[in-house]
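Residue strings, one per chain:
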Amino acid sequence: MNKPLPLLAAVMMAFTASAQQAKTLTAKDYDRASEFVYNTDQFIDRGSIRPNWLADDRFWYTVSDAKGTEFILVDPAKKTRTPAFDHQKLAAALSKASGKTYTADKLPFQSISFTADGKAVTFPVSGKKWKYDLKSGQVTEDNTPETPARETDNAAPARGRRSAEILSPDGKKLAFLKDHNLWVKDVASGKQTQLTTDGVKDFGYATDNAGWKSGDGPIMRWSPDSKKIATFKQDQRNASDMYLVTTNVGKPTLKAWKYPLPGDKEIIMIHRVVIDVENPKVVTLQIAPDPHRATLSDDIASSGTFDDIDWKADGSEVAFLSTSRDHKQEKFRIANTTTGAVREVFEETVKTQFESGRGAINWRYLAASNEILWYSERDDWGHMYLYDATTGKLKNQITTGNWLVARLLKVDEKNRTLYFMGHGREPGQPYYGYFYKIGFDGKGLTLLSPAEGNHTITLAPSGNYFLDTYSQPDVPPVMEYRDMNGNLITPLEKTDISRLLAKGWKAPAPVKLKAHDGKTDIYGLVLTPSKMEPGKKYPVVNYIYPGPQGGSVRNWSFAAARSDHQGLAELGFIVVLIEGTSNPYRSKSYHDMNYGNMAENTLPDQITGIRQLAKTFPIDTNKVGVWGHSGGGFAAAAAMFRYPDFYKVGISESGNHDNRNYEDDWGERYNGLAENADYEAQANQNYAKNLKGKLMLAHGMMDNNVPPYNTLLVVDALIKANKDFDLIMFPGSAHSFGQFSPYMMRRRWDYFVRYLAGSEPPAEYQVNAPVMRMP
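Bear in mind the structure is a predicted one, so any value in this text is a computation, not a measurement.

This part covers the overall build of the chain. Within the chain one finds 12 helices and 44 strands. For a compact globule of 775 residues, the expected C-alpha radius of gyration is about 28 Å, and the chain comes in at 29 Å, within 12% of that figure. Taking the principal axes of the C-alpha coordinates as reference, the chain spans close to 100 × 70 × 65 Å. Counting only residues that meet the buried cut, the chain has 55% of its 775 residues in that class. Relative to all contacts within the chain whose residues are 6 or more apart in sequence, the contacts with residues 24 or more apart total 59%. Placing the 94 positive and 91 negative side-chain charges of the chain at their respective mean positions leaves the two points 3 Å apart.

Below you can see the structure in the form of structure tokens.
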């Protein structure tokens, strides 16, 4: 009768110890965590530059610190960086002229314009336009009418944000879609002209639909002389549909659109055409329709315009690439835009999938010299090659070595020089981008941005100078102005984060590890609480995005806030981001390591990396959580199902859990065609029965990128396996949750706090914050 008493006592002691260790977090704890998500930028001084270009490559910009805002003028001819005007005198003169009081550190305008003679600046205040004479120091009201400026920024717009109207290079015409046909509007008169007449539903011109994304604007490319348009007639008549239904009182509304899946017999095809705008005529190129494919990503307009198109200056020819359905074959072709005749120039075939660059299409048709600049990874690294456009024969390889060209920024045909971003050539971190130049003949390779760090380059309009902003994840930005030989014209700004540090902010720690093969170098970031307890081991949260088109870190420049990672760390976690094998900006063989088996999701690299980190960081490897969104949602669920003894808590958001249920182009690019890859073996629902830990699934019910049925397949399997899990479905929400993002962040924090840390979160904490975009 007395034997159970020692056992009972032991149980009670263990229970008491556990209760003593449990911690209840308060709303103040969450308030502090939120500060590291939303309120960091306000404590950064002199943090960024947005150049406003003037004549002769001069530019002005504003820069702010705790004292106020300054307007700065940069003149490369004089090699100077000076105030754009006397801030004290302008404030006094404006106060006198307007009858209101202004100070030099808080001027009531954000933008200025220099007069044509450069003797004055104008600016808006309270609905009026004012002029400040730089010599006399007088401010007067300016009634001179504004002359609308043309957009000169050639940077590609954000993905999925193309305009509904496309302006011609001469600024005189706007192309747009109407009733599945292409039209143009004269900017001056407003007159509209219909260019095509036979476009119909699902077989219209310049259609912007890739399945996973779509838009109302046309996909097309103006000729340089503004007389012709290269575009296509999109045939999606036989492509399969995807369906979503709204959530509302009464009958839901069905949304149906063309969304092919891997293995479908019929996919979207494009019939290439050139349209004569001045005398409306459609010239159909004399080739078979191409699959809806391009070399940059799983869309045909990821560059912000019609991908893989390059015009001859006079519009008589257009060069283009035809990409095979599985992305293994590229055909370089040149079309006569008058007759539609197409000349085959050369082909390149690869074993896995072809890419034309990292974030940019790097090939060019140099019609003036009858040459082609070509990008290839044929020697295991992304490099530039020079071809003869007549014979299709290789003339020479331009760049060589165990490093890669990422993005071609400028081609100087006259001096036969390329300017580009490269990765992996300089010692240290291979993900840092540096700016280089090299001759077409492969000679004269020159580093133009010598400082260590990740460089962002902005070219001056003339192409004779560049603005260089460089930083590291734990080193704030420095900004400089240089010429195209790399010579320093003038220093500009050095970011000051003193006020941010005073708030307790802590930089992430860059780390170098070994992949699961024990040989390959991999890299990552570790975020720790700003205040760490000596001797304590912390639960770890593994944020994951497996790619293969991008990785968990993504941005290797300085960032005061990276999603909500530091906020989560402040709640008592160590947050780990690791770029696993199969992510870009490395060798071709590195990028292809998971080709044909996306289910691997870099998870072996994540696990071995965390175990290595436990040797240098106070990580409790018995308490490992994981979360991710989209492809990261796929990976997070796979982690919980395939490695249930390592990962104890997981959150899977918007995951493409079975790529047979995700758009055709992504899966067929990175996995291969359905008949050549085992999609069934990669599907997460087939492993749901292995779940041991705590899993939360989340999805938007109007997700037209990764339809919610991907998550429901996993839900179905978990129920059939009699598993406990948590599920959040957001009515009306698209892929990134939009207005529900703060709520999802709070639920994510609660889940890790409760089930990984063993603490109690504050009840229904209200996140008062702007909508946060997912990483």
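A few words now on the environment of H292. Mapped onto the fold, H292 is located in the loop between β20 (290–291) and β21 (309–311). A C-alpha to C-alpha distance of 9.5 Å links H292 and N209, two positions 83 residues apart in sequence. In this view, H292 contacts N209, A210, Q234, I268, M269, I270, D299, I300 and D665; residues no more than four positions away in its chain are not counted.

With that settled, the discussion passes to empty space enclosed by the protein. Taken as a whole and assessed by the stated rule, the structure comprises 7 cavities of 30 Å³ or more. Each pocket or cavity is described by its volume, and for the largest cavity that value is around 70 Å³. Lining the largest cavity, in full, are P546, G547, P548, S582, N594, M598, N601, T602, G631, F634 and W666. When its residues are assigned to classes, the lining of the largest cavity shows 5 nonpolar, 6 polar and no charged.

On the basis of which strands lie adjacent, the open sheet formed by 4 strands has the order β33-β34-β35-β36 and antiparallel pairing. A single partner strand is all that each edge strand has here, and the edge strands are β33 (454–459) and β36 (488–494). Along the sheet, successive strands turn relative to each other by an average axial angle of 20°, direction set aside. The pairing of β33 with strand β34 (residues 465–472) spans 6 bridges and is antiparallel.

All right, on to helix α7 (residues 603–613) then. In terms of burial, α7 is largely enclosed, as 8 of its 11 residues are buried. Inspection of α7 places L603, P604, D605, Q606, I607, G609, I610 and L613 among the buried residues, and these make up the whole buried set.

Taken in spatial order, the 4 strands line up as β1-β2-β3-β4 in an open sheet, and their pairing is antiparallel. Because the sheet does not close on itself, it has two edges, and the strands there are β1 (52–53) and β4 (80–83).

Let us now look at the environment of N279. Relative to the helices and strands, N279 resides in the loop between β18 (269–276) and β19 (281–284). Counting along the chain gives 76 residues from N279 to F203, while the straight-line C-alpha distance between them is 23 Å.

As a further point, take the packing of helix α2 (residues 27–38) against helix α12 (residues 741–755). Taken N-terminus to C-terminus, the directions of α2 and α12 make an angle of 130°; their axes are 13 Å apart at the nearest point. One element, α2, and the other, α12, form an angle in the oblique class. Note on packing geometry: the crossing formed by α2 with α12 is right-handed. Within the contact between the two elements, α2 uses Y30, A33, S34, V37 and Y38 and α12 uses P742, M745, R746, W749, D750 and V753. The class makeup of the residues in the contact of α2 with α12 is 8 nonpolar, 1 polar and 2 charged.

A regular strand places its side chains so that they alternate between the two faces of the sheet. With 6 of 7 residues buried, strand β43 (residues 694–700) lies mostly within the body of the structure. Bridging between strand β42 (residues 647–653) and β43 involves 5 bridges; their strand directions are parallel. Paired with S652 across the bridge in β43 is L697. Bridge count for β43 against strand β44 (residues 726–730) is 5 bridges, and the pairing is parallel. Across the sheet, residue G700 finds its bridge partner in β44, namely F730. Crossover β43 to β44 through helix α11 (residues 709–720) is right-handed.

The subject of this paragraph is the nonpolar core. Of all hydrophobic cores here, the largest spans 90 residues; its most connected members are L418, F641, Y647 and F752. In terms of residues, this core owes the most to one element, helix α8 (residues 631–642), which gives 7 residues. Counting residues in each nonpolar core, the second largest holds 21 residues, with L107, F109, W130 and Y132 among its members.

Inspection of the secondary structure puts R746 in helix α12. Among the polar contacts made by the side chain of R746, one reaches the side chain of D750 at a distance of 2.7 Å. With sequence-adjacent residues up to four places away left out, R746 is seen in contact with Y30, E764, Y765 and V767.

Quick look at the confidence of the model for the chain now. Residues with a pLDDT of 70 or more make up 94% of the chain, whose mean pLDDT is 94. Confidence drops under pLDDT 50 across residues 147–161; counting only partners more than four residues distant or on other chains, this segment forms 15 contacts. Confidence drops under a pLDDT of 50 for residues 771–775, and excluding neighbours within four residues, the segment shows 19 contacts in the predicted structure.

With that settled, consider the layout of surface pockets. Here the second largest pocket defines a volume of roughly 650 Å³. Residue lining of the second largest pocket: 26 residues in total, with K23, E533, K536, L571 and G572 positioned closest to the centre. Contributions of two or more residues to the lining of the second largest pocket are made by α1 (4–21), α2, β39 (538–543) and β41 (619–629). Its residues assigned to classes, the lining of the second largest pocket shows 9 nonpolar, 6 polar and 11 charged.

Here is what the cut-offs are and how they apply
- Residues numbered from 1 in each chain as written.
- Predicted model: local features only at pLDDT ≥ 70, side-chain atom pairs only at ≥ 80, totals over all residues.
- Heavy atoms only, no water.
- Helix = DSSP H or I, 4+ residues; strand = E, 2+ residues; numbered from the N terminus.
- Rg over C-alpha atoms; globule rule 2.2 N^0.38 Å.
- Buried < 20%, exposed > 50% of the residue type's maximum accessible area, 1.4 Å probe, protein only.
- Contact = heavy atoms within 4.5 Å.
- Lys, Arg positive; Asp, Glu negative; His and termini not counted.
- Charge placed at Lys NZ, Arg CZ, Asp CG, Glu CD.
- 1 Å grid on protein atoms, 1.4 Å probe; cavity = no way out; pocket = protein on both sides within 12 Å on 5 of 7 lines; lining within 4 Å.
- Points joined across faces, edges and corners; volume = space filled by probe spheres on them.
- Nonpolar A, V, L, I, M, F, W, Y, C, P; charged D, E, K, R; others polar.
- Pairing = 2+ DSSP bridges.
- Axes fitted to C-alpha atoms, helices over the stretch in contact; angles between N-to-C directions.
- Parallel < 35°, antiparallel > 145°, perpendicular 65-115°, else oblique.
- Left-handed = near helix turned anticlockwise from the far one by under 90°.
- Right-handed = clockwise from strand over helix to strand, strands pointing away.
- Core = buried A, V, L, I, M, F, W, Y, C linked by side-chain atoms within 4.5 Å.
- Polar contact = N/O pair within 3.5 Å; in protein donor to acceptor, adjacent residues only side chain to side chain.
- pLDDT = per-residue confidence, 0-100.

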